[in-house]
Amino acid sequence: MAQTKPVDEVVDGGAQKQQMINVECISDFEEAPILNISFMYSGAQQRISLKLPVILSKFSEAVEMDDATFFQRWKILSGAEQECQKILKSAGPMDNEQNRAKVIGFGLSVIEGIDPNPENIVAASILHTQNQQVGCLLRLEPNAQAQMYRLTIRSSKDGVAKILCDLLETQI
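My aim in this report is to walk through the structure given alongside it, one point at a time. Predicted model only: the values in this text are computed from it and were never measured. Every chain is numbered independently, its residues counted from 1 as its sequence is written. Whole-chain, interface and lining totals are the exception, using all residues; otherwise, since this is a predicted model, local features are given only for residues with pLDDT of at least 70 and side-chain atom pairs are given and counted only at 80 or more. Working from all heavy atoms in the structure, the side-chain values ignore hydrogens and water.

1. Focus: the pairing of strand β8 (residues 121–128)
In summary, the side chains of a regular strand alternate between the two faces of the sheet. This is how it is decided: To sort residues, take the accessible area from a 1.4 Å probe on protein chains only and compare it with the maximum for the residue type: under 20% means buried, over 50% means exposed, and anything in between is partly exposed. Starting at the N terminus, helices and strands are each numbered in turn, a helix being any DSSP run of H or I of at least four residues and a strand any DSSP run of E of at least two. In this description, strands pair whenever DSSP reports at least two bridges between them.
Counting buried positions along β8 yields seven of eight residues, so the element is predominantly enclosed. Where strand β5 (residues 60–62) and β8 come together, three bridges link them in antiparallel fashion. Pairing of Ala 62 across the sheet is with Ser 125, part of β8. Sheet topology note: the strand β7 (residues 109–110)/β8 ladder contains two bridges and is antiparallel. Looking at β8, one finds that Val 110 is bridged to Ala 123. Bridge analysis of β8 against strand β9 (residues 133–143) gives eight bridges, and the strand direction is antiparallel. Considered in β9, the bridge of Ile 126 is made with Gly 135. Linking β8 to β9, which pair antiparallel, is a turn of four residues.

2. A look at the packing of aromatic side chains
Rule in force here: Stacked, tilted and edge-to-face pairs are distinguished by plane angle, under 30 degrees for stacked and over 60 for edge-to-face with tilted covering the rest, among Phe, Tyr and Trp rings (Trp via its six-membered ring) whose centres lie within 6.5 Å.
Scanning all chains against the criterion turns up three aromatic pairs. Arranged with centres 6.2 Å apart and planes meeting at 75°, the rings of Phe 29 and Phe 59 form a pair that is edge-to-face. Taken together, the residues Phe 29 in the loop between β2 (21–23) and β3 (34–41) and Phe 59 in the loop between β4 (44–51) and β5 connect sequence positions 30 residues apart. Here Phe 29 and Phe 59 have matching classes, each one buried. Site record: aromatic cluster; members linked through ring pairs are Phe 70, Phe 71 and Trp 74.

3. Points about the layout of surface pockets
Remark: the empty space left among the atoms is shown by a probe the size of a water molecule rolled over them. Condition: Cavity: a set of points on a 1 Å grid over the protein atoms alone where a 1.4 Å probe fits but cannot get out. Pocket: an open set with protein on both sides within 12 Å along at least five of seven lines, its lining residues, like those of a cavity, having an atom within 4 Å of a point. Grid points are joined across faces, edges and corners, and a volume is the space filled by probe spheres set on the points. Charged means Asp, Glu, Lys or Arg here, nonpolar means Ala, Val, Leu, Ile, Met, Phe, Trp, Tyr, Cys or Pro, and polar covers whatever is left, Gly included.
By volume, the largest pocket amounts to about 650 Å³. The wall of the largest pocket is formed by 20 residues, among which Val 7, Val 11, Ile 37, Ser 38 and Phe 39 lie closest to the centre. If you list the elements that add at least two residues to the lining of the largest pocket, you get β3 and β4. Its residues placed into classes, the lining of the largest pocket shows eleven nonpolar, six polar and three charged.

Written as structure tokens, this is what we have:
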């Protein structure tokens, strides 16, 4: 859901107006929301549809947890629709620090020291929607020899793991 503040009805030629938009996540979504704009120009009705640069992970909040809590929740989230796993070919040099930054940028908290392999990235977040909070857990396991990754995301709501996995796949 998007809320906007009213703007002036007339914009002078060559002038600009800034429009603030507040977006609230009602429920999980795959496609970016569309903002439909209509206005009059030279007496004719004009319409523009703009895809807003908003993805589901923008509503995630990083959460900290200890290893016992992480693995307890990981085991509970074992339903087919609660997990998405992908094997990804590295698009470039395998840079673990860069991947950590990308995971953090997706609203997840990287949890250090709980995976036996220090190269693996383990992370957690809560996805906030209007009606529900969805727990999300992530493991990113690099294989330097094969130049590949295994990305696994589990979530407490069916389908959310797949959406987040598809989004993150494009970044790794």
